[in-house]
Amino acid sequence: MNTHIFASRLRQRLACLLLFAAAGVAGLAAINSSRALSRSSAATEAAALRKIAPWVTAHTADGRQAEFIVVLNDQADLSGAAALQTKRAKGRFVRDALWSKKQATQGPVLQWLNDHHLEHRSFYIVNAVWVKGRAEDALALAERPDIARVEGNPEVRNYPNPLPAVPAPSQPNEPDTVEQGIAYTHAPDVWAMGFTGQGIVIGDGDTGFRWTHNAIKPHYRGWNGVTADHDYNWHDAIHTGGGICGPNSPQPCDDTGHGTHTMGTTVGDDGSGNQIGMAPGAQCIGCRNMDQGNGTPARYMECFEFFLAPYPVNGTPAQGDPSKAPDITTNSWECPPSEGCSSQTLQQTVEAQRAAGIMCVVAAQNSGPSCSTVQNPPGIYDAAYSIGALNNGTDTIASFSSRGPVTADGSMRLKPDLAAPGTNVRSSYNSSDTSFAFLSGTSMATPHVAGAVALLWSAHPELRNDIDATENVLNSSAHHILSNACDSGPPTTPNNTYGNGRVDILAAVQQAPAFQLTSAASVQMHGAQTFGVPLPLTSEPGVECRSTGGHETLVFTFNDTVVSGSATLTSGTGTVAMTSFSGNTMTVSLTNVANVQQIALTLSGVTSASSQTLADTTVRMNVLIGDANADKSVSQLDVSLTKSQAGMALTNSNFREDVNVDGAISQPDVSLTKSKSGTGIP
């Protein structure tokens, strides 16, 4: 055989063998890679399945569609709202923070839902999306790294339809009298003081309300006495069904009667003897979150979102205006986790309301008399003010009223917070504009307290939208009722049966602090920064040591909005040039103020937004240029102190050494201080 031919064939065989070997190696690698991918895929799927609530898994079995809520990992930080002073500022901050987070993060999820032609609705009060889909859709969404969990959206029956209402006469038993529960909480005594809830808005999340009812219409914010405007005042979260109201009702409507009843207990008064409401001077708005007594987490979220920033009928949350938000919401419903509700997501909605300065008053539920039956959202939350029910006209707990402590979340939290009349409560009903009915439940107790808050805030605007302070006043002023039925040890208060006791709104109004001056300061601009010398109200006067050419600015801070008043220099040399008011402050500008003296400024006729007038009050101030250490004399100590701070950045601890008030501590400040050495005030 030719040597070249043999070599050629040998090379061909070797090449084939190498190809077969390479193919074998590749095959083994592919098998190993496939196994690795399979293990990775299984791990990813297992992690995704853990994100999916059991309710969703059960209700999407066998190819069925179900409604579920997809919650994103990235949620807004609302902690900054705590530092803001007004409801308007808090509400705008919270709404914008939540909205911005939604806009920044939901895009990819919404695109995926659109690409897969899935019905959905976006929320922002919680960064979440309602979706209608199948098991494979829930799994695909759960596998995304930006998704925290997939929760169920079960329909929960809160009330039977029709309700077990007992028809009531169109007039009370005695003409021109108030209902028993209203009188028992001492609301009429507060009315007699001139406080009826004026200036306060209450939002009712319920089965809707009959806005034309004679006891409600005059108090509905959407009625001006001539025409109705439901924009920003009504929202319907029922988009299918809806009973007698139908879906997406363009005007307030009640398909069951429950919401009309609770609304009446907050504000109702028809002017003809039916004084059924706690706060007849307040206004009301509403949102229907139940379809003939049946709610879902998505409906509850939608109404909470509307109350956070109301928008027009047929509008969208993008048009939401937090300045039109209610001050208080009353919520007589529950959402049991045992039926698929997620406690975590609804908790975020309640906490968002509180951060925005909206007080969320909720029913403690009707699962008593056993202990730890306050077990469902929103009544279990710390951020909600939960209300138990008393037998009307007595200080005994209603048998159905749920008790604490809260074990559902492991907190052992004391609940309810407060109790109010809740049996045989007569209020407005949806049958006609003149119909009334008796109902019982913590649902009936809850609006008593929502109305009580409106009375307290109209009497004490300084408490308005300060939820912590308001709860403290209501709790401490309540008529305490001892019990140990659900607590260890001897009978005590607060307790897990009555909470802090029966609401007593007269005691709350009387206990809340009177209008008072809380602080005073001499304020100057140091370049771009502002610093104030504190002026004690009772002890030794503060020392103003800065050289201002005889111009002094004194700022007085009160515990309520101040609307008027005057200031007079009653001792010392100087002139009151101008007085102005802004929020809780009164600013007095002085000119021609001489150095080395004590001045006394007397405030007279200072009046708050709640029409309280401060007794004449005098605040004193020592004026001594160069007295950096505030010992009423200028000496080498002051010179040395000023020199030690030369070149240092201005802070609250060294601004006094900027004697020239030019924004920097330098040699001219040292020289000026030295030139004043030897001066002093006795």
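Residues numbered from 1 in each chain as written. Predicted model: local features only at pLDDT ≥ 70, side-chain atom pairs only at ≥ 80, totals over all residues. Heavy atoms only, no water.

## Points about the confidence of the model for the protein
Detailed reading of predicted coordinates is not advised where the pLDDT is low. Taken over all residues, the pLDDT of the protein has a mean of 91, while the share at 70 or more is 92%. Below a pLDDT of 50 lies the segment residues 1-11, which in the model reaches 2 contacts outside its immediate sequence neighbourhood of four places, other chains included. Overall, residues 13-26 carries pLDDT values under 50, and its contacts beyond four positions in sequence, including any with other chains, amount to 0 contacts. (pLDDT = per-residue confidence, 0-100. Contact = heavy atoms within 4.5 Å.)

## With respect to the sheet that holds strand β19 (residues 529-534)
Ordered in space as β19-β18-β21-β24-β23, the 5 strands form an open sheet in which the pairing is antiparallel. If you trace the sheet from one side to the other, it starts and ends with β19 and β23 (575-582), each paired once. Averaged over all neighbouring strand pairs, the angle between strand axes comes to 30°, with direction disregarded. In the sheet, strand β18 (residues 517-526) pairs with β19 via 6 bridges, with the strands oriented antiparallel. Counterpart to Ser-522 in the pairing with β19 is Val-533. (Pairing = 2+ DSSP bridges. Helix = DSSP H or I, 4+ residues; strand = E, 2+ residues; numbered from the N terminus. Axes fitted to C-alpha atoms, helices over the stretch in contact; angles between N-to-C directions.)

## As for the state of the cysteines
By definition, a disulfide links two cysteine residues through a covalent bond between their sulfur atoms. Across all of its chains, the model carries 4 disulfides by this definition. In this model, Cys-287 is linked to Cys-303 through a disulfide, with the two sulfur atoms separated by 2.0 Å. Since a negative S-S torsion denotes a left-handed disulfide, the Cys-287-Cys-303 link at about -75° is left-handed. Residue Cys-287 is found in strand β9 (residues 283-288), and its partner Cys-303 is found in helix α9 (residues 297-308); the two are separated by 16 residues along the sequence. Exposure class is identical for Cys-287 and Cys-303. Each is buried. Across the disulfide, Cys-371 is cross-linked to Cys-486 (sulfur-sulfur distance 2.0 Å). When the S-S torsion is -85°, as for the bridge of Cys-371 with Cys-486, the disulfide is left-handed. Placement of Cys-371 in the loop between β13 (359-363) and β14 (385-390) and of Cys-486 in the loop between α12 (467-477) and α13 (505-511) is noted, with a sequence separation of 115 residues between them. Among the residues examined, Cys-486 registers a relative accessible area of 11% and is labelled buried. Unpaired in terms of disulfides, Cys-284 finds its nearest cysteine sulfur in Cys-287, a separation of 14 Å. (Disulfide = S-S within 2.5 Å. Buried < 20%, exposed > 50% of the residue type's maximum accessible area, 1.4 Å probe, protein only.)

## Observations regarding the packing of aromatic side chains
Applying the stated criterion across every chain yields a total of 11 aromatic pairs. Ring centres of Phe-306 and Phe-307 lie 5.9 Å apart, and the angle between their planes is 55°; this geometry places the pair in the tilted category. Take Phe-306: its relative accessible area is 0%, and that puts it in the buried class. Seen from their ring centres, Phe-531 and Phe-655 are 5.1 Å apart, and the 5° between their planes marks the pair as stacked. You can see Phe-531 sitting in strand β19 and its partner Phe-655 sitting in the loop between α14 (636-644) and α15 (667-675), a full 124 residues away along the chain. Side by side, Phe-531 and Phe-655 carry an identical accessibility label, which is buried. Aromatic ring contacts, followed pair by pair, group Phe-209, Trp-211, Tyr-220, Trp-223 and Trp-234 into a single cluster. One Lys or Arg, Arg-502, reaches over the ring of Tyr-184 and ends 4.5 Å from the middle of that ring. (Phe/Tyr/Trp six-rings, centres within 6.5 Å; stacked < 30°, edge-to-face > 60°. Lys NZ or Arg CZ within 6 Å of the ring centre and 35° of its normal.)

## Comments concerning the packing of helix α11 (residues 442-459) against α12
At a closest axis distance of 11 Å, the pairing of α11 and α12 adopts a crossing angle of 105°. Between α11 and α12, the angle falls in the class roughly perpendicular. On α12, the residues touching Val-453, Leu-456 and Trp-457 of α11 are Ile-467, Thr-470, Val-473 and Leu-474. (Parallel < 35°, antiparallel > 145°, perpendicular 65-115°, else oblique.)

## What about α14?
Within α14, the full set of buried residues consists of Asp-638, Val-639 and Thr-642. Seen from one end, α14 has its buried residues packed into an arc of 100°, which puts them on one side. α14 presents Gln-636 and Leu-637 as exposed residues on the side facing more than 90 degrees away from its buried surface. Where α14 is buried, its residues meet α15. (Arc of directions from axis to C-beta.)

## So, the sheet that holds β14
In a beta sheet, neighbouring strands are held together by backbone hydrogen bonds and run either parallel or antiparallel to one another. The 7 strands are arranged β8-β9-β7-β12-β13-β14-β15 in an open sheet whose pairing can be described as parallel. Here the strands that pair on one side only, and so sit at the sheet edges, are β8 (234-236) and β15 (418-421). Looking at each pair of strands side by side, their axes are set apart by 25° on average, direction ignored. Pairing geometry for β13 and β14, over 3 bridges, is parallel. Pairing of Ala-363 across the sheet is with Ile-387, part of β14. In the packing of helix α8 (residues 258-267) onto the sheet, the strands contacted are β7 (201-206), β9 and β12 (328-331), and the crossing angle to β7 comes to about 160°.

## Observations regarding the nonpolar core
As a rule of thumb, soluble globular proteins bury nonpolar side chains together. In terms of nonpolar packing, the biggest core is built from 50 residues, with Ile-328, Leu-456, Trp-457, Leu-474 and Ile-505 touching the most fellow members. Within the residue set of this core, elements represented by two or more residues are α7 (187-191), α8, β13, β14, β15, α11, α12 and α13. Per-element accounting of this core gives the leading share, 10 residues, to α11. In this structure Leu-456 touches Leu-463, Thr-470, Val-473, Leu-474, Ile-505, Ala-508, Val-509 and Ala-512, once residues within four positions along its chain are discounted. Leu-78, Ala-128, Trp-333 and Leu-346 belong to the second-largest nonpolar core, a separate cluster that totals 40 residues. (Core = buried A, V, L, I, M, F, W, Y, C linked by side-chain atoms within 4.5 Å.)

## Digging into α9
For α9, with 12 residues, the first-to-last C-alpha span of 16 Å sits near the 16 Å given by 1.5 Å per residue. Where burial is concerned, most of α9 is hidden: 12 out of the 12 residues are buried. Pro-297, Ala-298, Arg-299, Tyr-300, Met-301, Glu-302, Cys-303, Phe-304, Glu-305, Phe-306, Phe-307 and Leu-308 are the residues of α9 that are buried. (Expected span 1.5 Å × (residues − 1).)

## Regarding the environment of Ser-401
Locating Ser-401 in the fold gives a position in the loop between β14 and β15. Each C-alpha atom, one on Ser-401 and one on Ala-81, is 34 Å from the other, the two residues being 320 residues apart in sequence. If near-sequence neighbours (up to four positions away) are discounted, Ser-401 is found in contact with Gln-365, Gly-368, Gly-388, Ala-389 and Thr-442. At 2.9 Å, the side chain of Ser-401 and the backbone nitrogen of Ala-389 are in polar contact. (Polar contact = N/O pair within 3.5 Å; in protein donor to acceptor, adjacent residues only side chain to side chain.)

## Some points on the side chain of Asn-153
Here Asn-153 lies in the loop between β4 (147-152) and β5 (156-157). A residue is classified by how much of its surface remains accessible, and Asn-153, at 4% relative accessible area, is buried. At 2.7 Å, the side chain of Asn-153 forms a polar contact with the side chain of Glu-67. Not counting chain neighbours up to four residues away, the residues in contact with Asn-153 comprise Trp-55, Glu-67, Phe-68, Ile-69, Trp-130, Thr-296, Pro-297 and Ala-298.

## What about the pairing of β14?
On a regular strand, one side chain projects to one face of the sheet and the next to the other, so that they alternate. Among the 6 residues that make up β14, 6 are buried, leaving the element largely enclosed by the rest of the structure. On β14, burial covers both faces: Tyr-385, Ile-387 and Ala-389 on one face and Ser-386, Gly-388 and Leu-390 on the other are all buried. In the sheet, β14 pairs with β15 via 4 bridges, with the strands oriented parallel. If you follow Leu-390 over to β15, its bridge partner there is Pro-421.

## Details of the pattern of salt bridges
Evaluation of the coordinates by the stated rule reveals 20 salt bridges. Arg-144 serves as the salt-bridge partner of Asp-146, at 3.1 Å between the closest nitrogen and oxygen. By relative accessible area, which is 19% here, Arg-144 ends up buried. In this structure, Asp-417 engages Lys-415 in a salt bridge whose closest nitrogen and oxygen atoms are separated by 2.8 Å. Lys-415 shares its class with Asp-417; the two are buried. Three or more residues joined by partner-sharing salt bridges are found here, namely Arg-92, Arg-95 and Asp-96. (Salt bridge = Lys/Arg side-chain N within 4 Å of Asp/Glu carboxyl O.)

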